[in-house]
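# Fold and geometry: a report
Residue strings, one per chain:
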Amino acid sequence: MAHEQKDRTMADPAPVDLGEDRSLLLVDDDESFVKRLAKAMEKRGFLPETAESVAEGKAIALARPPAYAVVDLRLEDGNGLDVVETLRDKRPGCRIVVLTGYGAIATAVAAVKIGAIDYLSKPADANDITRALLSTGEGMPPPPENPMSADRVRWEHIQRVYELCDRNVSETARRLSMHRRTLQRILAKRSPK
């Protein structure tokens, strides 16, 4: 049932004003997701082009810098931030949204600092992505339909401190006033929903 809901949301186009240039670069190493998203964004009026790696994304950004971009943060061949930087250099007005999973909120914040207009946690649907791409930044965004659980917020905070401590378990445990073995167990587990 949830899968059907996601597919329906991907397919429901909402009429939007994209302006003159409707070019959109989608960079994600999940082939089925990026193809599904490309179809959904095309129905919304975008002209999508897809890439499944940092190298492909950077090549497209250099050759044909788009007006819009959606970039996954973690790709098989590197970091999506490299694509964001290339897009920012080649087309400063490009509206970039970063997709993140794996507890990489701190890195997503870094993406916003280098030029992305927003970041979304995976799984994000085409409606959320379109809203983020076209957001003017005025007013407060609506509350999320699926907010993070308290366990997930705690896990995200631990991941952020861990990244800020350069992935040093002992230093992270000290700063969080936590036993090192407890922290190691938390880090070894998958992120909570």
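In this report, the structure presented in the accompanying data block is examined. Counting restarts for each chain: residues are numbered from 1 in the order of the written sequence. It should be noted that, the model being predicted, local features are given only for residues of pLDDT at least 70 and side-chain atom pairs only at 80 or more, the latter also being counted only at that level, while totals for whole chains, interfaces and linings use all residues. By convention in this description, side-chain values take in all heavy atoms of the structure and omit both hydrogens and water.

### Structural notes on the environment of L62
To keep things clear, this is the line we draw: Strands are runs of DSSP state E lasting at least 2 residues, helices are runs of H or I lasting at least 4, and numbering of each runs from the N terminus.
Inspection of the secondary structure assignment puts L62 in helix 3 (residues 54–63). Sequence separation between L62 and V83 is 21 residues, and the spatial gap between their C-alpha atoms is 9.7 Å.

### Concerning the sheet that holds strand 2 (residues 47–51)
Going by this rule: One requirement defines pairing of two strands: DSSP has to find at least two bridges between them. Here, axes are lines fitted to C-alpha atoms. For helices the fit covers the stretch in contact, and angles between N-to-C directions go from 0 to 180 degrees. What makes two residues a contact is simply this: any of their non-hydrogen atoms within 4.5 Å.
Spatially, 2-1-3-6-7 is the arrangement adopted by the 5 strands of the open sheet, whose pairing is parallel. Only two strands of the sheet have a single partner each, and these edge strands are strand 2 and strand 7 (118–121). Looking at each pair of strands side by side, their axes are set apart by 20 degrees on average, direction ignored. Where strand 3 (residues 68–72) and strand 6 (residues 95–100) come together, 5 bridges link them in parallel fashion. Paired with Y68 across the two strands is R95, which belongs to strand 6. With respect to the sheet, helix 6 (residues 126–134) is in contact with strand 1 (23–27), strand 3, strand 6 and strand 7, its orientation differing from that of strand 6 by roughly 140 degrees.

### So, the pattern of salt bridges
Put simply, the rule is: When a carboxyl oxygen of Asp or Glu is within 4 Å of a side-chain nitrogen of Lys or Arg, the pair counts as a salt bridge. For every residue, the accessible area obtained with a 1.4 Å probe (protein chains only) is divided by the maximum for its type, and the residue is called buried under 20%, exposed over 50%, and partly exposed between those limits.
One pass over the full model with this rule turns up 7 salt bridges. In this structure, E49 engages R64 in a salt bridge whose closest nitrogen and oxygen atoms are separated by 2.3 Å. Of this pair, E49 sits in strand 2 while R64 sits in the loop between helix 3 and strand 3, and the two are 15 residues apart along the sequence. The partly exposed category is assigned to E49, whose relative accessible area is 27%. Ionic contacts of the salt-bridge type, sharing partners, join the residues E171, R174 and R175 into one network.

### Things to note about unusual backbone geometry
With a phi close to 55 degrees, D166 is a non-glycine residue in the positive phi region. Checked against the element boundaries, D166 lands in the loop between helix 7 (150–164) and helix 8 (169–175). The backbone of S177 shows a phi angle near 55 degrees, a positive value even though the residue is not glycine. Mapped onto the fold, S177 is located in the loop between helix 8 and helix 9 (180–188). You can call S177 exposed: its relative accessible area is 72%.

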